[in-house]
Amino acid sequence: MNNINQISKEQIIEAIRSKLTKFYGISSDEASKNYYYKAAALVLRDILHESRARINKINKESGSKTVYYLCMEFLVGKSLEYNLRNLGLYDVFYEALSEMGIELEEIFEEEPDAALGNGGLGRLAACYLDALTSCGYNAVGYTIMYEYGLFKQKIIDGEQLELPDVWVNDGGVWLVGHPSQSCVVKLGGNVRESWDSGRLEIIYDNAEEIEAIPYDLMIAGKDGKNVNVLRLWKAKNVESFDMTLFSQGEYVRAIEKSSNAEVISKVLYPSDNHNEGKMLRLSQQYFLVSAAIHDIIRRHISKFGSLDGFAEKNAIHINDTHPSLCIPELMRVLLDIHGYSWEDAWNIVTSCVSYTNHTILPEALEVWREELIKIRLPRIYTIIQEINNRFGALLWERYPGDWSKISNMSILESGNVKMANLCLVASNKVNGVSALHSEILKKKVFKEFNELTPNKFTNVTNGIAHRRWLCSANPTLSEYLDTLIGEGYRNNAMELESLLNYREDKSVLSALDSIKQNNKLRFADYIKRSSGIVVSPDSIFDVQIKRMHEYKRQLLNALNIIWEYIELCDNPLVDRPPITHIFGAKAASNYYRAKEIIKLIWYLSKEINSNPIVKGRLNVVFCENYNVSLAEKLIPAAEISEQISLAGKEASGTGNMKMMMNGAITLGTLDGANVEIAEAVGKENIYLFGLESDEVDDLWKKGYQSYQYYNANDKIKRIIDRLQRGFAKESFSNIAEYLLRSGKIADPYMCLADFESYSNRKAEMLNDYRDRTLWQKKSLINIAKSGIFSADRSVREYAENIWHIDKANY
């Protein structure tokens, strides 16, 4: 099957039968849908493996530069359907399986989502690896092979329960293990220096040794011209099973060491509200970067024979601060193992490492206690100390006597290690992820660093994998676009703009309306089958899908739903189009406030959906265990895209781009990438509301008093009072207090300050929705202008301005 374009139906049938027999010992007549899924995945994996082997040979012969993308999460979703569509093999697999009596769409449901991420950060990383591959760049992604993912969300009586997300049993079929390329990661113990060999040697005493075993998930580019890999690391205890202890009846002690090591790759983002959790998170982060740096150096030496030219041939990208320990780890390897001087090692590190910041929230800029790093990573701690000492000397020379500035910019301060500062000191480029976010970084968050090294800071606005989120997730729309504007947009998303030629064409607008309605029917059918929830496809689908966090303001949305409910109960005959509010979100397991907001939405849904007065007019749905697969069904059906974070808090967002590209219209603040969406589509095709970033700052300085809004606005007063009374016999007086309390900061994300503007703008949207021609014209313009938010554009900007890599000639 060397030529993807020439693979026949007969070859696929033969290959599937072979896999069923060889791997599972069953015939095609005996096989269940699950076995057919696994066999089809193995066939496709072989096809990708052949392509990858060819590409590896080309890369080695050409000596091309490679970008290594480090991230704690890659939310890749399912692989089978997307790879088939992306490679142009969907039809031939469909025909082959149909001849074998199997529906292809049915076996798609057998595949679990790869539980390797949580939200926007992991989905962005997956989009970029996808785009790097399709655009012809040589890239490797690195993360941990989490056995149980973040968690599988279950909602019982409004309470979020976290269950293990077991995905490897069925999802592991895509992974190719490479145990021969394993490495050892050392944690804890003590380090000492020795000159016995004639040069400095670092010796570890009593360190815990953990084996990092690599597994590759192949990432297919468009038409299979390029295949890159996402390398996942699994933790295993280096020491073999202690049979002596087991034979003596010490069963728990015999397996304790293995369990302690392997917990590193069990769960993404373990709770860190206790020391054990902090220790595990730090161990996970170092485990990832140590294994990745070992692998990067192994690859370079295998390709070029020595470490010469390392900085010219490798770009190492830190996606958020979680992988920032790769900086001292690369220093450690160059110093301790390869004998480089400090100056030469530092030149290599600062030439090849770059960093993307994803947040301005102080609590999300990682800070570790010095003592923790000193205990868990003793050699890394001494290297960070030396980096800080040298940087401090530079600062003292530049700002003599300015202790406040030097302290703010230091990596080590008051017993803490500031990981963002480590990235800022060592990276050759630092970027934000939207124009507004990057300006806030330069002018506020990292102002002093920007003054010191202004050429280091740049912007790369986030982008999405349009081949996944439009071409694959919304085949009906993409197939219609093929007939209307040609297929060029599949390779170059900017060609979507030619759709503007049809904005006055009523037949096109009507066709787009029908496609959206069919997608709503599809989602309504799916949600009924999967969870028993009934939604009306004739209602407006108003969608807010993002991780549950106060700054994303799902609470503001809920407050307005309460007002809509109050209005309908007061006047059931009020003229308003029916609306279904759809939420999807997970709250961090130790995030009490976020869980309370989920509970509010759930109880609000329970009361509203059981009240005959509003039946058919107002509906609230909380989609349990929101993930990539659910998003791929919901986003094509979305009509209103809720992007309502407090201005200045959202770095970018990518859900706004995905829904825009599928024809939803944004209701949002001037925050993150909403600013650039507004510039692209024109303010008449987006519904903006609320305070702007500077106005938020001014209001805080003057002293924000949420009680003033409560006393001055009867709508807000009635909503807060209703929170205290509760829904479905459950009071939410704690949320009312959170919004109004004195003595502490009330309503810290200014829901009440933005409420009136939000509520009025939402009402305006619902009114405009009645004019189907007007609404579809807005929808068409959003689709047409969404090409600028393709991940292809983003990775080109990274490649040209940050990584300095060229496309390979495949």
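Residues numbered from 1 in each chain as written. Predicted model: local features only at pLDDT ≥ 70, side-chain atom pairs only at ≥ 80, totals over all residues. Heavy atoms only, no water.

Draft legend 1. Representation of the sheet that holds strand β22 (residues 665–668) within the structure. Strand order in the open sheet made by the six strands is β20-β19-β18-β21-β22-β23, with parallel pairing throughout. Since the sheet does not close on itself, it has two edges, and those belong to β20 (618–623) and β23 (687–688), each with one partner. Taken together, the six bridges between strand β18 (residues 540–545) and strand β19 (residues 579–584) define a ladder with parallel strand orientation. Directly across from Phe541, in β19, lies its bridge partner Thr580. Across the sheet, helix α22 (residues 506–531) lies against β18, β19 and β20, angled at about 65 degrees from β18, the strand it touches most. (Pairing = 2+ DSSP bridges. Helix = DSSP H or I, 4+ residues; strand = E, 2+ residues; numbered from the N terminus. Contact = heavy atoms within 4.5 Å. Axes fitted to C-alpha atoms, helices over the stretch in contact; angles between N-to-C directions.)

Draft legend 2. Highlighting the sheet that holds strand β14 (residues 412–413). The three strands lie next to each other as β13-β15-β14, forming an open sheet whose pairing is antiparallel. Each end of this open sheet is capped by a strand with a single partner; those strands are β13 (367–369) and β14.

Draft legend 3. Highlighting the pattern of salt bridges. If you walk through the whole model with that rule in mind, you get 49 salt bridges. Ionic pairing is found between Lys785 and Glu497, a salt bridge with its closest N-O pair at 2.7 Å. Placement of Lys785 in the loop between α33 (772–784) and α34 (791–803) and of Glu497 in the loop between α21 (475–485) and α22 is noted, with a sequence separation of 288 residues between them. In this structure, Arg770 engages Asp575 in a salt bridge whose closest nitrogen and oxygen atoms are separated by 3.3 Å. Pair noted here: Arg770 is in the loop between α32 (751–769) and α33 and Asp575 is in the loop between α23 (554–570) and β19, with a separation of 195 residues, a long-range link. Given the relative accessible area of 38%, Arg770 is considered partly exposed. Judged by relative accessible area, Asp575 falls into the exposed class, the value being 63%. One salt-bridge network, in which partners are shared between bridges, spans Asp216, Arg231, Asp295, Arg298 and Arg299. (Salt bridge = Lys/Arg side-chain N within 4 Å of Asp/Glu carboxyl O. Buried < 20%, exposed > 50% of the residue type's maximum accessible area, 1.4 Å probe, protein only.)

Draft legend 4. Looking closely at the packing of aromatic side chains. Going through the model one piece at a time under the given rule, you end up with 22 aromatic pairs. Pairing Tyr128 with Tyr798 gives two aromatic rings, centres 5.6 Å apart and planes at 65 degrees, and the pair type is edge-to-face. With Tyr128 in helix α6 (residues 120–134) and Tyr798 in helix α34, this residue pair connects regions lying 670 residues apart in the sequence. Like Tyr128, the residue Tyr798 is buried in the burial classification. One aromatic cluster is present, built from ring pairs that chain together Tyr69, Phe74, Tyr128, Tyr798 and Trp803. We note Lys405 situated over the ring of Tyr399; from NZ or CZ to the ring centre the distance is 4.4 Å. (Phe/Tyr/Trp six-rings, centres within 6.5 Å; stacked < 30°, edge-to-face > 60°. Lys NZ or Arg CZ within 6 Å of the ring centre and 35° of its normal.)

Draft legend 5. Focus on the packing of α22 against α33. At a minimum axis distance of 9 Å, the contact between α22 and α33 shows a crossing angle of 85 degrees. The pairing of α22 with α33 is recorded here as roughly perpendicular in orientation. The segment α22 lies against α33, with Val508, Leu509, Leu512 and Asp513 engaging Arg772, Thr773, Gln776, Lys777 and Leu780. Tallied by class, residues from the contact of α22 with α33 come to four nonpolar, two polar and three charged. (Parallel < 35°, antiparallel > 145°, perpendicular 65-115°, else oblique. Nonpolar A, V, L, I, M, F, W, Y, C, P; charged D, E, K, R; others polar.)

Draft legend 6. Seen up close, the pairing of strand β2 (residues 139–144). Burial analysis of β2 places six of its six residues in the buried class, which makes it a mostly covered element. Side chains Ala139, Gly141 and Thr143 project from β2 onto one buried face, and the interleaved Val140, Tyr142 and Ile144 project onto a second face that is buried too. In the sheet, strand β1 (residues 66–70) pairs with β2 via four bridges, with the strands oriented parallel. Bridge pairing links Leu70 to Tyr142 in β2. Bridge analysis of β2 against strand β10 (residues 227–237) gives five bridges, and the strand direction is parallel. Residue pairing across strands places Val140 opposite Val229, the latter belonging to β10.

Draft legend 7. How the structure looks around helix α24 (residues 592–609). Taking 1.5 Å per residue as the helical rise, α24 with its 18 residues ought to reach 26 Å, and the 26 Å between its terminal C-alpha atoms agrees with that figure. Within α24, 14 of the 18 residues are buried, which leaves the element mostly enclosed by the surrounding structure. (Expected span 1.5 Å × (residues − 1).)

Draft legend 8. The pairing of strand β12 (residues 353–356), seen in detail. Neither face of β12 is exposed, since Val353 and Tyr355 on one face and Ser354 and Thr356 on the opposite face are all buried. One ladder, built from four bridges, connects strand β11 (residues 314–319) with β12; its direction is parallel. Counted as the bridge partner of Ile318 is Tyr355 from β12.

Draft legend 9. Molecular detail of the side chain of Lys546. Within the secondary structure, Lys546 is located in the loop between β18 and α23. Although Lys546 is buried, it makes no salt bridge; Glu650 carries the closest opposite charge, 4.2 Å away. (Lys, Arg positive; Asp, Glu negative; His and termini not counted.)

Draft legend 10. Molecular detail of the nonpolar core. Counting 217 residues, the largest nonpolar core has Leu89 and Ile316 as the members making the most contacts within it. Contacts of Leu89, omitting those with residues within four sequence positions, involve Ile4, Ile7, Leu44, Ile47 and Leu84. Counting residues in hydrophobic clusters, the runner-up holds 67 residues, among them Tyr591, Val696, Leu699 and Tyr738. (Core = buried A, V, L, I, M, F, W, Y, C linked by side-chain atoms within 4.5 Å.)

Draft legend 11. The state of the cysteines, seen in detail. If you walk through the whole model with that rule in mind, you get zero disulfides. This cysteine, Cys326, is not joined by any disulfide, and Cys423 carries the nearest cysteine sulfur, 7.3 Å off. On the accessibility criterion, Cys326 (1% relative accessible area) is buried. (Disulfide = S-S within 2.5 Å.)

Draft legend 12. A look at the packing of helix α12 (residues 326–337) against helix α13 (residues 342–352). Two numbers describe how α12 lies on α13: the axes approach to 9 Å, and their chain directions differ by 140 degrees. It follows from the interaxial angle that α12 and α13 lie oblique. Of the two elements, α12 crosses α13, and the hand of that crossing is right-handed. Where α12 approaches α13, its residues Ile327, Leu330, Met331, Leu334 and Leu335 are matched on the opposing element by Trp342, Ala345, Trp346, Ile348, Val349 and Cys352. (Left-handed = near helix turned anticlockwise from the far one by under 90°.)

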